[in-house]
Amino acid sequence: MVIHKEYALRRFCESPLKHEGCRELLEKICAAPAQLQRLVFVTTREYLPNTMVVSQLGSPGVPFELSLGSESEQLMLVNGGLLRKTQKTRDVCLTDPAQAWEALQSYWGLVHVQLVFQGDTPDWYQEIAVPNEAIPADQVPGFASFIREQIDLLLWGITLKARIDEALRRRDREQFHEAVRLYKEVVQSCFWEL
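Residues numbered from 1 in each chain as written. Predicted model: local features only at pLDDT ≥ 70, side-chain atom pairs only at ≥ 80, totals over all residues. Heavy atoms only, no water.

Visitor: Provide a residue-level description of the nonpolar core, including the pertinent values.
Guide: If you look at the biggest cluster of nonpolar residues, it comprises 33 residues, and the most contacted ones within it are L9, I29, F41, M52, L66 and L115. Residue assignment for this core shows that the elements contributing at least two residues are α1 (2-12), α2 (21-31), β1 (39-41), β2 (51-55), β3 (64-78), α4 (97-105), β5 (111-116) and α5 (123-128). The element that contributes the greatest number of residues to this core is α2, accounting for five residues. If sequence neighbours within four positions are ignored, F41 has contacts with K5, A8, L9, V113, L115, Y125, I128, A129 and V130. Core analysis: the second largest hydrophobic core is formed by seven residues, L160, A179, L182 and V186 among them. (Core = buried A, V, L, I, M, F, W, Y, C linked by side-chain atoms within 4.5 Å. Buried < 20%, exposed > 50% of the residue type's maximum accessible area, 1.4 Å probe, protein only. Helix = DSSP H or I, 4+ residues; strand = E, 2+ residues; numbered from the N terminus. Contact = heavy atoms within 4.5 Å.)

Visitor: Can you tell me about the packing of α2 against α4, naming the residues and giving the values?
Guide: Any two packed helices are characterised by the angle at which their axes cross and by the distance between the axes. Direction vectors running N to C along α2 and α4 enclose 25°, while the axes themselves pass 8 Å from each other. In this view, α2 runs roughly parallel relative to α4, as classed from their interaxial angle. Judged by residue contacts, G21, C22, L25, K28 and I29 of α2 engage P97, A100, W101 and L104 from α4. (Axes fitted to C-alpha atoms, helices over the stretch in contact; angles between N-to-C directions. Parallel < 35°, antiparallel > 145°, perpendicular 65-115°, else oblique.)

Visitor: Please provide a residue-by-residue account of the pairing of β5, values included.
Guide: Residues in a regular strand point their side chains to alternate faces of the sheet. The buried fraction of β5 is high, at six of six residues. The pairing of β1 with β5 spans three bridges and is classified as parallel. The partner of V40 across the bridge, within β5, is H112. (Pairing = 2+ DSSP bridges.)

Visitor: Lay out α4 in plain terms, naming residues and giving numbers.
Guide: Buried within α4 are the following residues: P97, A100, W101, A103 and L104. For α4, the angular spread of buried residues about the axis comes to 165°, placing them on one side. In this structure D96 caps α4, since a side-chain oxygen of it lies 3.2 Å from the backbone nitrogen of A98. (Arc of directions from axis to C-beta. Polar contact = N/O pair within 3.5 Å; in protein donor to acceptor, adjacent residues only side chain to side chain.)

Visitor: Hey, could you go over the environment of E178 for me, with residue numbers and the actual values?
Guide: Residue placement: E178 occurs in helix α7 (residues 173-189). Taking C-alpha positions, E178 is 8.8 Å from I164, a pair spaced 14 residues apart along the chain. Among the polar contacts made by the side chain of E178, one reaches the side chain of R181 at a distance of 2.7 Å.

Visitor: If you had to explain the state of the cysteines to someone new, which residues and values would you point to?
Guide: Under the counting rule described, the total for this entry stands at zero disulfides. Here C13 stays unpaired: no disulfide links it, and the sulfur of C30, its closest cysteine neighbor, is 6.9 Å away. (Disulfide = S-S within 2.5 Å.)

Visitor: Got a sec to walk through the environment of Q99? Specific residues and values, please.
Guide: Looking at where Q99 falls in the secondary structure, it is placed in helix α4. Look at Q99 and you get partly exposed, because its relative accessible area is 42%. For the pair formed by Q99 and L25, sequence separation is 74 residues and the distance between their alpha carbons is 9.5 Å.

Visitor: Describe in detail α2, supporting the description with residues and values.
Guide: Those residues of α2 that sit buried are C22, L25, L26, I29 and C30. All buried residues of α2 project into a common sector of 140° when viewed along the axis, lining one side.

Visitor: How would you summarise the environment of G157 if you had to cite specific residues and measurements?
Guide: Examined against the element boundaries, G157 turns out to sit in helix α6 (residues 143-170). Among the residues examined, G157 registers a relative accessible area of 1% and is labelled buried. Spatially, the C-alpha atoms of G157 and L182 are 8.5 Å apart, while their sequence positions differ by 25 residues.

Visitor: Outline the confidence of the model for the protein chain, listing residues and values.
Guide: Chain-level statistics for the protein chain give a pLDDT mean of 82 and a share of 78% at 70 or above. Averaged over each element, pLDDT in the protein chain is lowest for strand β4 (residues 81-94) (65) and highest for β2 (94). (pLDDT = per-residue confidence, 0-100.)

Visitor: Describe unusual backbone geometry, listing the residues and the values that go with them.
Guide: Its identity is not glycine, yet N50 carries a phi of approximately 55°, on the positive side. One non-glycine residue, R171, lies in the positive phi region at around 60°. Tracing the backbone shows R171 in the loop between α6 and α7.

Okay, structure coming up:
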């Protein structure tokens, strides 16, 4: 397994990287078997704790980022309305590969690594990259953002219902018509029944 990880990192470094300091970091990791063993290559780092992303030149996304810690989203019912709360517990979030090496020296857990390629993902990477279990395999890319948008629409619908009730209570005809118009738009866009 260690040989495959080293091979993947060396093959990845054959192409130009967005941040040239990444090449030196990856070479240091290859030379340190203990560091190499802690790497878990993933297809996407969404919703995973302790992640590192490295991008080739010309690929989408950030050039480099090391994030040690976790991030989670929760929905809560507060005063009859839904509230989305994002909780981040990040000990380290670095964009400089030189600083990342120092942080990795004192970190002993697994690091989920996503390598971002300029073109199609090569077969050799697909063989070693594990699917992100935080995202169901049957979901297409972008599904998480679709769900977030739908939740935002649902929250907006709840807020508009409260505005409509308030406008009726106050007998504010203008606010009522505006809130109803917006509410109808939200209902048409939302896949959940409001």
